[in-house]
Amino acid sequence: MSHSDGGRPARVRVSFQAPASSAEAARASSGAAPAVRPVREAESVFLTDLMRAQLRLAGACLIGFVLVSLTLTVAIMIIANTIDPPVFGVPLSWLLQAYAYYPIILGFAVVFARNAARNERRFRMLADSDSVQGGADG
C-alpha cells in the first residue's frame, strides 16, 4: 500500500472518462478493445461496489442532516413561541438560529469524511488483494 507524505494512504480517484474523439467513441461502441490496460471483471465489480457504498453514505448523511435540521428548526420555533429566555440580553431562539447549525454541519461532515475514507480503504484492500491473486494466476 503506498502512502503519501503525511503517512496517510493515497486517495483513490474514481472517475469515468468519455472518449476524446468520435473515432474513439465508435471504436468503443463497436466492441473493439481500447488501447489502455484491460479492466479485470473483479476490479469493475469492486469499483461499482465502492460507488454504490459512497452513494448510500451520501444519501444517509443527507437524510440524517435534513431530519436533524428540521428537528432543530421545530425546537427553535417552539422556544420562540413559548418562553424565549434572554441569554446575555439576546433571545435564546436567535442564538440557536445563529450558532446551533454549525456544529451539526461539522458533525455530519466529519461522519461523511471518515466513512468515505473507510469505504476507500476497503476498496483498496480488495483491489490490492485481487491484483496479488490476479498476478499469481496470470
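Counting starts from 1 at the beginning of each chain's written sequence and moves along it residue by residue. Since the coordinates come from a predicted model, pLDDT governs what is reported: local features require at least 70, and pairs of side-chain atoms require 80 or more to be given and counted, while whole-chain, interface and lining totals use all residues. Hydrogens and water molecules were not included; the side-chain quantities draw on all heavy atoms of the structure.

A. Molecular detail of a nonpolar patch on the surface. Like charges within 9 Å and nonpolar side chains (Val, Leu, Ile, Met, Phe, Trp, Tyr) within 5 Å are joined into patches, using only residues over 30% in relative accessible area that form no salt bridge. Values of accessible area rely on a 1.4 Å probe in the Shrake-Rupley scheme; residue burial ignores everything except the protein chains shown. Within this document, salt bridges are pairs made up of a side-chain nitrogen of Lys or Arg and a carboxyl oxygen of Asp or Glu, the two lying within 4 Å of each other. Where nonpolar side chains cluster on the molecular surface, the patch consists of Leu62, Val66 and Leu70 and spans about 270 Å² of accessible area. Runs of H or I in DSSP of at least four residues are treated as helices and runs of E of at least two as strands, each being numbered from the N terminus. The residue leucine 70 is located in helix α2 (residues 41–81) in this model.

B. Summary view of the packing of aromatic side chains. What counts as a ring pair is set by centres within 6.5 Å for rings of Phe, Tyr and Trp (its six-membered ring), and what kind of pair is set by the plane angle: stacked under 30 degrees, edge-to-face over 60, tilted for all other angles. One pass over the structure, following the stated rule, counts 1 aromatic pair. Ring centres of phenylalanine 65 and phenylalanine 108 lie 5.8 Å apart, and the angle between their planes is 85°; on these two criteria the pair is classed as edge-to-face. With phenylalanine 65 in helix α2 and phenylalanine 108 in helix α4 (residues 101–137), the pair connects residues that are 43 residues apart, well separated along the chain. Per-residue accessibility, obtained with a 1.4 Å probe over protein chains only, is compared with the maximum for each type, and a residue is labelled buried under 20%, exposed over 50%, and partly exposed between these values. Since its relative accessible area comes to 28%, phenylalanine 65 is described here as partly exposed.

C. Seen up close, the environment of leucine 92. By the secondary structure assignment, leucine 92 is in helix α3 (residues 92–99). Under the relative-accessibility criterion, leucine 92 is labelled partly exposed at 25%. Separated by 13 residues in sequence, leucine 92 and isoleucine 79 place their C-alpha atoms 7.8 Å apart. Contact criterion: two residues are considered in contact whenever any of their non-hydrogen atoms come within 4.5 Å of each other. With residues up to four places along the chain from it excluded, the contact list for leucine 92 reads Ile79, Asp84, Pro85 and Val87.

D. Highlighting the side chain of arginine 124. Of note, arginine 124 is situated in helix α4. A positive count includes Lys and Arg, and a negative count includes Asp and Glu. His and the chain ends are not counted in either. No salt bridge is formed by the buried arginine 124; the nearest opposite charge belongs to glutamate 120, separated by 4.6 Å.

E. Geometry of the side chain of glutamate 120. Residue placement: glutamate 120 occurs in helix α4. Aside from chain neighbours lying at most four places away, what touches glutamate 120 is Arg11, Val12, Leu50 and Gln54.

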